[in-house]
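Residue-level listing of the chains:
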Amino acid sequence: MTATATDTTTNPEGLDREETISRDELEALQLARLQQTVRSAYENVPLYTRKFDEAGVHPDDLKELEDLRKFPYTTKADLREAYPFGMFAVPMNQVVRVHASSGTTGRPTVVGYTRQDIDTWATMVARCLRLSGVRPGDILQNSYGYGLFTGGLGAHYGAEKLGCTVVPMSGGQTEKQIQMIQDFEPRAILCTPTYLLTIMDAMRTKGIDPRSTSLKVAVLGAEPWTAEMRRELEAGFDIDACDIYGLSEVMGPGVAGESNETKDGAHIWEDHFRPEIIDPFTDDVLADGEHGELVFTSLTKQALPIIRYRTRDLTRLLPGTARPSHRRMGRITGRSDDMIILRGVNMFPSQIEEIALRIPGLSPHFQLHLTRPNRMDQLTVKIERRDDCTVEDARTAAAELGRQMKIHIGSTATIEICDPGSLERSSGKLRRIYDLRETGQA
Ligand code: DLL
């Protein structure tokens with residue numbers, strides 16, 4: 001820790017008041033903010049006016065938090081329909097920033113922020129970073145991509161707000177990343193988990209021991225990662241690795257963050273976002289603890305109020321620990337649109353990551369290729385062996401992976417062992433699934 005650092009975990013005065021208020025006070029705040037948000041959406045965004053009218057609900061119907069479930073869901077398709085700026089609830093001269101997510105098909109989804117939205121966002125990210133063990137005065141390397149993606153600038157403003165010295169590296173340029181780590185000696189790094197893996201491997205290739213660097217904290221998000229991946233990165237770098245969650249439609253990074261002391265899932269900042277878990281098939285709201293699709297309603301956003309946004313992320317809500325009034329989210333097991341259905345069996349890449357990383361000799365670098373030879377779905381897991389694993393031992397490891405997948409997931413797959421360094425590396429969000437079934441390449 002640097003000399004100027006303030007230890008806010010032992011200095012509650014350093015926290016935002018809303019981080020520590022009681023659940024009752026928090027829910028009263030949520031209700032007041034929710035009523036205002038729903039009204040603003042209804043009065044200022046034609047798409048919401050239409051959707052509320054069609055559903056037969058009016059902002060006046062929201063008398064208690066439970067009433068939220070009467071309101072219709074919002075989806076990515078709604079944002080696409082309103083492309084580019086049709087969802088904004090304020091005049092354009094109050095929108096100081098836009099971001100956009102590319103998406104693999106169709107139009108990007110565009111999001112906007114007022115000056116106050118940007119400030120709230122920075123506060124949320126600062127909260128996450130502090131909770132994860134970043135301190136004012138720390139040098140912080142920000143390796144989330146800058147640009148239309150919310151990761152770079154979102155993390156940047158939050159880190160500045162916390163009082164860090166930010167190195168705005170953006171994603172990619174791995175050689176340069178390593179040079180900056182060695183020369184500027186950052187205590188914290190922010191990037192995707194798979195990109196930190198890329199940096200780790202590149203350091204080893206150069207003969208640099210990742211454990212010897214100045215890094216002590218990594219705040220990782222933007223893609224699913226498992227407890228096994230956390231262990232891999234923590235041991236590899238001798239750091240604490242914590243989760244940060246967010247999505248552009250709801251704000252960007254900083255919707256939820258994890259404590260470095262409890263490492264038990266990200267706390268959702270419920271003074272700004274009201275979460276729900278729903279059954280993605282029946283659309284029913286589920287109880288805390290049950291698995292389903294995460295849905296968010298923004299409580300303070302001005303430019304883009306978002307009502308019951310269906311994230312497609314699958315997880316569950318758990319009681320708060322490090323911040324008792326703010327509920328946590330369990331690890332995201334996957335996105336409903338990332339789910340592989342193989343001969344009727346559902347599976348997510350994170351399940352394979354979990355199994356593979358428990359088998360000695362197998363690395364975290366893998367891809368899932370789906371093909372349909374003879375009209376029969378087939379999954380091939382291409383996975384690199386570790387440097388110190390012989391080709392012979394890798395064969396045994398591959399057989400073990402296949403066996404464990406059969407037991408734990410219930411599906412058979414072909415395992416193809418690849419040489420170290422042969423699969424494409426991540427520089428941000430990593431693509432794991434290559435579905436060649438519909439493209440004719442299968
Ligand atoms: O990925 C925002 C972000 C940037 C979050 C940097 C954290 C760090 P989008 O590009 O809109 O925004 O993608 C959002 O990424 O719905 C999840 O599926 C996934 N995701 C984000 N954070 C996590 C996480 C940013 N911690 C989508 N764990 C979300 C698992 C995550 N998945």
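Residues numbered from 1 in each chain as written. Predicted model: local features only at pLDDT ≥ 70, side-chain atom pairs only at ≥ 80, totals over all residues. Heavy atoms only, no water.

Turning our attention to the pattern of salt bridges. Within the structure shown, the criterion is met by 42 salt bridges. Two residues, Arg130 and Glu19, come together in a salt bridge whose shortest N-O distance is 2.6 Å. Within this pair, whereas Arg130 is found in helix H5 (residues 115-131), its partner Glu19 is found in helix H1 (residues 17-20), the two being separated by 111 residues in sequence. Residue Glu19 is classed as buried on the basis of its relative accessible area, which comes to 1%. Across the pair Lys161 and Asp119 runs a salt bridge whose closest N-O atoms are separated by 2.9 Å. Of the two residues, Lys161 sits in helix H6 (residues 150-162) while Asp119 sits in helix H5, which places them 42 residues apart along the sequence. Since its relative accessible area comes to 40%, Lys161 is described here as partly exposed. By relative accessible area, which is 42% here, Asp119 ends up partly exposed. (Salt bridge = Lys/Arg side-chain N within 4 Å of Asp/Glu carboxyl O. Helix = DSSP H or I, 4+ residues; strand = E, 2+ residues; numbered from the N terminus. Buried < 20%, exposed > 50% of the residue type's maximum accessible area, 1.4 Å probe, protein only.)

Around the ligand, 19 residues are found, and the nearest of them are Asp243, Ile244, Ser248, Asp313 and Lys429. Between Asp243 and the ligand, the recorded distance is 2.7 Å, taken from a side-chain N or O atom to a nitrogen atom. At 2.7 Å, a backbone N or O of Ile244 approaches a nitrogen atom of the ligand. Considering each element in turn, the shell around the ligand owes the most residues, five residues, to strand S7 (residues 240-247). Its residues assigned to classes, the shell around the ligand comprises nine nonpolar, five polar and five charged. (Near = heavy atom within 4 Å. Polar contact = N/O pair within 3.5 Å; in protein donor to acceptor, adjacent residues only side chain to side chain. Nonpolar A, V, L, I, M, F, W, Y, C, P; charged D, E, K, R; others polar.)

Right, let's talk about the packing of helix H2 (residues 23-44) against helix H3 (residues 46-55) for a bit. Following both chains from N to C, one finds H2 and H3 inclined at 105 degrees, their axes separated by 5 Å at the closest point. The angle between the axes of H2 and H3 places the two elements in the roughly perpendicular class. Touching Val38, Ala41, Tyr42 and Asn44 of H2 are Pro46, Tyr48, Thr49, Phe52 and Asp53, all from H3. (Axes fitted to C-alpha atoms, helices over the stretch in contact; angles between N-to-C directions. Parallel < 35°, antiparallel > 145°, perpendicular 65-115°, else oblique. Contact = heavy atoms within 4.5 Å.)

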